[in-house]
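Working through the structure, step by step
The chain contents come next:
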Amino acid sequence: MARSRLSTALSEGFLSLPEDGDIVVIRPPVGHDLSDLPRDRTRIIHGFRPDADFWSEMGFEVARSTENAALTIVVVPRSKRQARALVAKAATLGGAIVVDGAKTDGVDGLFREIRSRLGEMPSITKAHGRLFAFTATAADFADWAHEGPEKGPQGYYIQPGIFSEDGTDRGSVLLAETLPAKLGARVADLGAGWGYLAAQVLTRDTVEQVHLVEAEADALDCARLNITDDRAAFHWADARDFTADQPFDTVVCNPPFHTSRKAEPSLGEAFIAAAARLLSPQGELWLVANRHLPYEAALREAFTTVEEAGGDSAFKIFRAARPKRDRGRRR
Ligand SMILES: C[S@@+](CC[C@H](N)C(=O)[O-])C[C@H]1O[C@@H](n2cnc3c(N)ncnc32)[C@H](O)[C@@H]1O
C-alpha cells in the first residue's frame, strides 16, 4: 500500500512527533491513515457521528473539542470557511500545527494563504495532496476563528461546513411545498441539517412531535437554536442505525448523497431502508432527491406504494407508503 503523507513525513524525518503531550487530530475521515500515531495520547476531534464512531471503535479518544495539544493535525475539509476555522482553532491549542489535505479539498489554496501570513514553511506533496507544518499563535488567525453558530443570510443559525450554509436548499424548499397539510402526529426528519425541513413540518398543526436525526453535531447545534418549539427532539445519530421507542407516522428526508466528491446512491438507499424500518405500517415517507439519483428501485424494495409526487427539472419528490415487512435491511 502506498504510504500516506503523514507516514511519509514521519519516516523521512520531515516531521517528528512530540515526546510528551497530546496529539490532536481534527476531523480525520474514516480510513485516514493515523497508524503512526500513539493511540494512548492521540485525541480525535470530530462532530460527524459515523466518523466519530469509527475512530472510537479504533481505540482513540474522541471529543468535540479540546483546549491544548503538543501537536495538532488538521485534516482539510471541503468547506474553505470550515478549513480556516479549524486552522484558527488549532492555533489556540499551543502546539505545533500540521495541515494535511487533498488538492481537491483546496489544500494548496490554504497553504498559499497561510504562507502569506507566516512566511516559508516546510511542505511535502504526495498522493494528490499536500502536508505542511508551522507554528502560530491565536492572534495569527483571529480573523478566521469561528466560535459557534451564527445567523446566516437566510436568518437561521448556521456554521461553516454544514449543509446549505449559504442558503436554503432548493430541493428541501420543493419538498416542504409539496408536503400535505395534514402530516401524522409523530414525524422524523432523517438528516435534518440545521432544521429547515423540520421547521416547515412544525407549521402543520397535526404534528405533535418532530424528531430531528442528524449526524453532524455542528448542524444539530444550529437546529437546536433554529427550532425552539417544545415538539422538537434532537438526536445526534447516524440515521442508518437510528432506533426509536415508537414507530413514526411520517418520515421526511432530503438524504445526503455523498461523503466525498463522488455521488454515493447507497447512502440515500440506506436512508430509505431506515425510513421503512422506522415507520408504522400505515406510515409515509416523503423524500426529495436530485433527479439523476436512482432511488426508485430502493423505494420499491422497501415500500408497497411509491409515487412521484412533485418536483422540477432538477429534483424529484417521492411519496412512499406501506413499508414492507422485511423492511430496514441496512445496505
Ligand atoms: C441534503 S442534507 C439535508 C439537510 C436538511 N434536511 C435540509 O433540508 O436542509 C443531508 C443531511 O444529512 C446529514 N447526514 C449525512 N450523513 C448522515 C447520517 N449517516 N446520518 C444522519 N445524518 C446524516 C448531513 O450532515 C446533512 O445535514
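Computed from a predicted structure; not experimentally measured.

With that out of the way, let us pick up the packing of aromatic side chains. Per the stated rule, a full pass over the model turns up 8 aromatic pairs. Geometrically, the ring pair formed by tryptophan 55 and phenylalanine 60 is edge-to-face, given 5.7 Å between the ring centres and 80 degrees between the ring planes. Given the relative accessible area of 5%, phenylalanine 60 is considered buried. Here the aromatic rings of phenylalanine 111 and phenylalanine 132 are separated by 4.8 Å at their centres, their planes lie at 55 degrees, and the arrangement is tilted.

Time to look at the environment of leucine 190. Structurally, leucine 190 is set in strand β10 (residues 186–190). Leaving out residues up to four positions away in the same chain, leucine 190 has contacts with Val213, Ala239, Val251, Val252, Cys253, Asn254, Phe271, Ala274, Ala275 and Leu278.

Moving on, we come to the site of the ligand. Near the ligand lie 20 residues; those nearest to it are Ser172, Gly191, Glu214, Asp238 and Ala239. In this structure, serine 172 approaches the ligand through a side-chain N or O atom, which is 2.4 Å from an oxygen atom. The side chain of glutamate 214 places a nitrogen or oxygen atom 2.6 Å from an oxygen atom of the ligand. For the ligand, the protein covers 93% of the area, taking 590 Å² as the surface of the free molecule. A class-by-class count of the residues in the shell around the ligand yields 11 nonpolar, 4 polar and 5 charged.

Below, the discussion takes up unusual backbone geometry. With a phi close to 55 degrees, arginine 27 is a non-glycine residue in the positive phi region. Residue placement: arginine 27 occurs in the loop between β1 (23–26) and β2 (42–45). Residue arginine 27 is classed as buried on the basis of its relative accessible area of 16%. Of note in this structure, alanine 127 is not a glycine but carries a positive phi near 50 degrees. Mapped onto the secondary structure, alanine 127 falls in the loop between β6 (123–126) and β7 (129–134). Residue alanine 127 is classed as exposed on the basis of its relative accessible area, which comes to 54%.

Below, the discussion takes up the sheet that holds β1. Within a beta sheet, neighbouring strands are joined by backbone hydrogen bonds and run either parallel or antiparallel to one another. Read from one edge to the other, the open sheet built from 7 strands follows the order β3-β2-β1-β4-β5-β7-β6, with strand pairing classed as mixed. Whereas interior strands pair on both sides, the edge strands pair on one side only; in this sheet they are β3 (61–63) and β6. Each strand axis lies, on average, 20 degrees off the axis of its neighbour in the sheet, ignoring direction. Here strand β4 (residues 71–75) runs beside strand β5 (residues 96–102); their pairing, made up of 5 bridges, is parallel.

Looking at the element boundaries, histidine 32 is found in the loop between β1 and β2. Excluding its chain neighbours within four sequence positions, the residues that come into contact with histidine 32 are Trp55, Val75 and Asp100. There is a polar contact of 3.3 Å between the side chain of histidine 32 and the side chain of aspartate 100.

Turning next to the domain arrangement of the protein. One can read the domain layout of the protein as domain 1 (5–144) and domain 2 (150–323). A C-alpha centroid distance of 32 Å is found between domain 1 and domain 2. Domain 1 puts 13 residues into the contact, and the matching count from domain 2 is 16 residues. Contact with domain 2 buries area across many residues of domain 1, yet Arg49, Arg78 and Arg81 alone supply 41% of it, more than any other trio. Connecting domain 1 to domain 2 are 4 salt bridges. Here arginine 64 and aspartate 218 are joined by a salt bridge, their closest N and O atoms 2.8 Å apart. For the pair domain 1 and domain 2, the number of links is 8 residue pairs in polar contact (both at pLDDT 80 or more). Top contributing element to the side of domain 1 that touches domain 2 by residue count: helix α2 (residues 49–57), with 3 residues. Of the residues that constitute the side of domain 1 that touches domain 2, the class distribution is 3 nonpolar, 4 polar and 6 charged.

Evaluation of the coordinates by the stated rule reveals 21 salt bridges. A salt bridge links arginine 64 to aspartate 221; its shortest N-O distance comes to 3.0 Å. Of this pair, arginine 64 sits in the loop between β3 and β4 while aspartate 221 is found in helix α7 (residues 217–226), placing the two residues 157 residues apart along the sequence. The partner of arginine 115 in a salt bridge is glutamate 120, and the shortest N-O contact between them spans 3.8 Å. Residue classification places arginine 115 among the partly exposed residues on the basis of a relative accessible area of 29%. Accessibility expressed as a relative area gives 69% for glutamate 120, which makes it exposed. Taken together, the shared-partner salt bridges connect Arg64, Asp218, Asp221 and Arg224 into one network.

A few words on the sheet that holds strand β12 (residues 232–236). With mixed pairing, the 7 strands of this open sheet are ordered in space as β12-β11-β10-β13-β14-β16-β15. On the outer flanks of this sheet lie β12 and β15 (303–311), each paired with one strand and no other. Strand-to-strand twist in this sheet, taken as the mean axis angle between neighbours without regard to direction, amounts to 20 degrees. Sheet topology note: the β10/strand β11 (residues 209–214) ladder contains 5 bridges and is parallel.

What counts and how
- Residues numbered from 1 in each chain as written.
- Predicted model: local features only at pLDDT ≥ 70, side-chain atom pairs only at ≥ 80, totals over all residues.
- Heavy atoms only, no water.
- Phe/Tyr/Trp six-rings, centres within 6.5 Å; stacked < 30°, edge-to-face > 60°.
- Buried < 20%, exposed > 50% of the residue type's maximum accessible area, 1.4 Å probe, protein only.
- Helix = DSSP H or I, 4+ residues; strand = E, 2+ residues; numbered from the N terminus.
- Contact = heavy atoms within 4.5 Å.
- Near = heavy atom within 4 Å.
- Polar contact = N/O pair within 3.5 Å; in protein donor to acceptor, adjacent residues only side chain to side chain.
- Areas by Shrake-Rupley, 256 points an atom, 1.4 Å probe, with all protein chains shown as cover.
- Nonpolar A, V, L, I, M, F, W, Y, C, P; charged D, E, K, R; others polar.
- Pairing = 2+ DSSP bridges.
- Axes fitted to C-alpha atoms, helices over the stretch in contact; angles between N-to-C directions.
- Domains from an automatic or database assignment.
- Buried area = accessible area lost by both parts, 1.4 Å probe.
- Salt bridge = Lys/Arg side-chain N within 4 Å of Asp/Glu carboxyl O.

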